[in-house]
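Each chain, written out:
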Amino acid sequence: LDNDHTKFGIMVGDVSGKAMKAAITAIMSSGMIISETRSNKSISRILDNVNKSLINKIERNMFVSVCLCLIDTESKQLSISNAGLNKPILLSDGKIEFLQSEGPRLPLGVKSDIHYEQTNYNLKNNDIIILTTDGINEAQNDNRELFSDERLKNHILKIDSKTLSVLNIKNSIIKEVQKFIKKDKPNDDMTVIVIRIK
């Protein structure tokens, strides 16, 4: 997000609804966010601006959940601004923390007079950040049990995160969810992003 390539941005989103209507909304909101990053380096302001624009462009019953993260690679600081998506997970020194974003957490496109906030966290070498959509924690098995944040947390703690690559960590999470639901095709899309700090 800067000319010196020290501020690394991550965007994860999930649109309500299905099929073409949701796909069009996803493409539009993604483009609006990327466009905002060119003129605005504050991730909370980016969400504010996109939210105001989306209100007039999408149907009343639709919304877009988005979590924006910014990693400063020099200071090793993580900033998050969350509009209705799952809390990012920080795995550090064998402990897990679900990272809370201060301020309102309503998805984009719900209410026009929202001001999103940015929350900062300090990172260390080998810290791992995991971002997911609700297709992970809300995945259901045949008994209608949810995979849940607790199962996700327990699985991550069992992974040998020091030796596994971020790709293998991601694949391990998805396989664990698929094993739990016992279906080849889940009911909702599953997105997992894993980042290791170096």
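For the structure itself, look to the data block above.
Residues numbered from 1 in each chain as written. Predicted model: local features only at pLDDT ≥ 70, side-chain atom pairs only at ≥ 80, totals over all residues. Heavy atoms only, no water.

Side note on helix α2 (residues 43-55)
Compared with the 18 Å implied by 1.5 Å per residue over 13 residues, the 19 Å span of α2 between its first and last C-alpha is a close match. Buried within α2 we find I43, S44, I46, L47, D48, V50, N51 and L54. (Helix = DSSP H or I, 4+ residues; strand = E, 2+ residues; numbered from the N terminus. Expected span 1.5 Å × (residues − 1). Buried < 20%, exposed > 50% of the residue type's maximum accessible area, 1.4 Å probe, protein only.)

Side note on the pairing of strand β2 (residues 64-72)
Of all nine residues that make up β2, nine are buried, and the element is covered over most of its length. Of the two faces of β2, the one carrying V64, V66, L68, L70 and D72 and the one carrying S65, C67, C69 and I71 are both buried. Inspection of the sheet shows strand β1 (residues 7-15) paired to β2 by nine bridges, in the antiparallel sense. Opposite G13, over in β2, you have V66 as the bridge partner. Where β2 hands over to strand β3 (residues 77-83), the hairpin turn is made up of four residues, of which K76 adopts a positive phi near 55°. (Pairing = 2+ DSSP bridges.)

Side note on the pattern of salt bridges
The final tally for this structure, using the stated rule, is four salt bridges. We note a salt bridge from E59 to K21, for which the minimum N-O separation is 3.3 Å. Here K21 lies in helix α1 (residues 19-37) and E59 lies in the loop between α2 and β2, a separation of 38 residues in the sequence. Residue class for E59 comes out partly exposed when judged on its relative accessible area of 42%. What makes K21 partly exposed here is its relative accessible area of 47%. (Salt bridge = Lys/Arg side-chain N within 4 Å of Asp/Glu carboxyl O.)

Observations regarding unusual backbone geometry
Unlike most non-glycine residues, N126 shows phi in positive territory, near 75°. Examined against the element boundaries, N126 turns out to sit in the loop between β6 (119-122) and β7 (128-132). Taking the relative accessible area as the measure of exposure, N126 reaches 54% and is therefore exposed. The phi angle at R144 is positive, at roughly 65°, despite the residue not being glycine. If you trace the backbone, R144 turns up in the loop between α3 (134-137) and α4 (148-158).

A closer look at the sheet that holds β2
On the basis of which strands lie adjacent, the open sheet formed by four strands has the order β1-β2-β3-β6 and antiparallel pairing. Looking at which strands have only one partner, the edges of the open sheet turn out to be β1 and β6. Across this sheet, the average inter-strand angle for adjacent strands is 20°, counted without regard to direction. Relative to β6, β3 runs antiparallel, the two being bridged by four bridges. Residue I80 lies in a different strand from β6, and its bridge partner there is T119. Against the sheet, α1 engages β1 and β2, with an angle of about 160° to β1. (Axes fitted to C-alpha atoms, helices over the stretch in contact; angles between N-to-C directions. Contact = heavy atoms within 4.5 Å.)

Description of the side chain of S29
Inspection of the secondary structure puts S29 in helix α1. Given the relative accessible area of 3%, S29 is considered buried. Separated by 2.8 Å, the side chain of S29 and the backbone oxygen of T25 make a polar contact. In this structure, S29 is in contact with L54 and V64, ignoring residues within four places of it in sequence. (Polar contact = N/O pair within 3.5 Å; in protein donor to acceptor, adjacent residues only side chain to side chain.)

Details of a nonpolar patch on the surface
A cluster of nonpolar side chains, F63, L106 and V110, forms an exposed patch at the surface whose accessible area comes to about 220 Å². With respect to the helices and strands, the residue V110 is situated in the loop between β5 (95-98) and β6. Given a relative accessible area of 43%, V110 falls into the partly exposed group. (Patch = residues over 30% accessible without salt bridge, like charges linked within 9 Å, V, L, I, M, F, W, Y side chains within 5 Å. Areas by Shrake-Rupley, 256 points an atom, 1.4 Å probe, with all protein chains shown as cover.)

So, the packing of α4 against helix α5 (residues 166-181)
At a closest axis distance of 11 Å, the pairing of α4 and α5 adopts a crossing angle of 130°. Considered as vectors, α4 and α5 are oriented oblique to each other. As for the relative orientation of α4 and α5, their crossing is right-handed in sense. Judged by residue contacts, R151, L152, H155 and I156 of α4 engage S172, I173, E176 and F180 from α5. (Parallel < 35°, antiparallel > 145°, perpendicular 65-115°, else oblique. Left-handed = near helix turned anticlockwise from the far one by under 90°.)

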